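This is what each chain is made of:
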Amino acid sequence: MKIGLLDALSEKMRWHQARQTLLAENVANADTPNYRGRDLKAFGFEEHMQQLSGVRIATVATQPGHISVQGVGADGFGARQMNSFEITPEGNGVTLEDEMMKVAGNQMDYQAITALYTRSIKLLKTALGKQA
C-alpha cells in the first residue's frame, strides 16, 4: 500500500540526490572551456500528487534499436541548462561560489526532508502500536 505523503517525500529525496549530482558536475567542470552549468526544475508536490492520481501509460523499448521517449538526464527530473550571466573568456558559464551555495542549500533541504520522512515513519509505527 502506498501512502501519498511518504511517496512524495521519497520522490523529493530522489530529486535532491539527482540535483546534488548535477551540482557536483557543475563544480567539477568550473574550469572547463565552453561548459554551461545545469540544474533541475523546481520540484512541485502538487504536480507529484496529480501524477499519482492519474492513470500512467509508459512506453517500453522492446528492441535495442528502438528510440527511448522517456525524460533525458538527471533520473527523469528534467535537467536543464542554467542561464549564465557571467561567462569567462573561455566560454565557461559556471560561477563556483554560486554552485557551492546551491550545494549547501540542497544538502540542508535534503536533511530536512529526510528528518520529516523519518518522523513520519515513527509516527506511523506508534499509531500501529509498534515500538518507535
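Here the structure is shown first, and the text comes after it.
Residues numbered from 1 in each chain as written. Predicted model: local features only at pLDDT ≥ 70, side-chain atom pairs only at ≥ 80, totals over all residues. Heavy atoms only, no water.

Asker: What is the right way to read the pattern of salt bridges from this model?
Answerer: A side chain of one charge can pair with a side chain of the opposite charge when the charged atoms of the two come close. Taken as a whole and judged by the stated rule, the model has 5 salt bridges. Linking Asp-39 and Arg-19 is a salt bridge whose minimum nitrogen-to-oxygen distance equals 2.8 Å. A residue pair is termed long-range when its members are at least 10 positions apart, and Asp-39 in strand β1 (residues 38-40) and Arg-19 in helix α1 (residues 4-28) qualify at 20 residues. The buried category is assigned to Arg-19, whose relative accessible area is 13%. Here Glu-25 makes a salt bridge to Arg-38, at a shortest N to O gap of 2.9 Å. Of the two residues, Glu-25 is situated in helix α1 and Arg-38 in strand β1; the sequence distance between them amounts to 13 residues. When salt bridges with common partners are traced through the structure, they connect Arg-19, Asp-39, Glu-99 and Lys-102 into a single cluster. (Salt bridge = Lys/Arg side-chain N within 4 Å of Asp/Glu carboxyl O. Helix = DSSP H or I, 4+ residues; strand = E, 2+ residues; numbered from the N terminus. Buried < 20%, exposed > 50% of the residue type's maximum accessible area, 1.4 Å probe, protein only.)

Asker: Would you take a moment to explain the packing of aromatic side chains for this structure?
Answerer: What describes a pair of aromatic rings is the distance from one ring centre to the other and the angle between the planes of the rings. Applying the stated rule across the entire model yields 1 aromatic pair. Ring geometry for Trp-15 against Phe-43: centres 6.4 Å apart, planes inclined by 50°, an arrangement best described as tilted. Of this pair, Trp-15 sits in helix α1 while Phe-43 sits in the loop between β1 and α2 (45-53), and the two are 28 residues apart along the sequence. For the pair shown, Trp-15 and Phe-43 are each scored as buried. (Phe/Tyr/Trp six-rings, centres within 6.5 Å; stacked < 30°, edge-to-face > 60°.)

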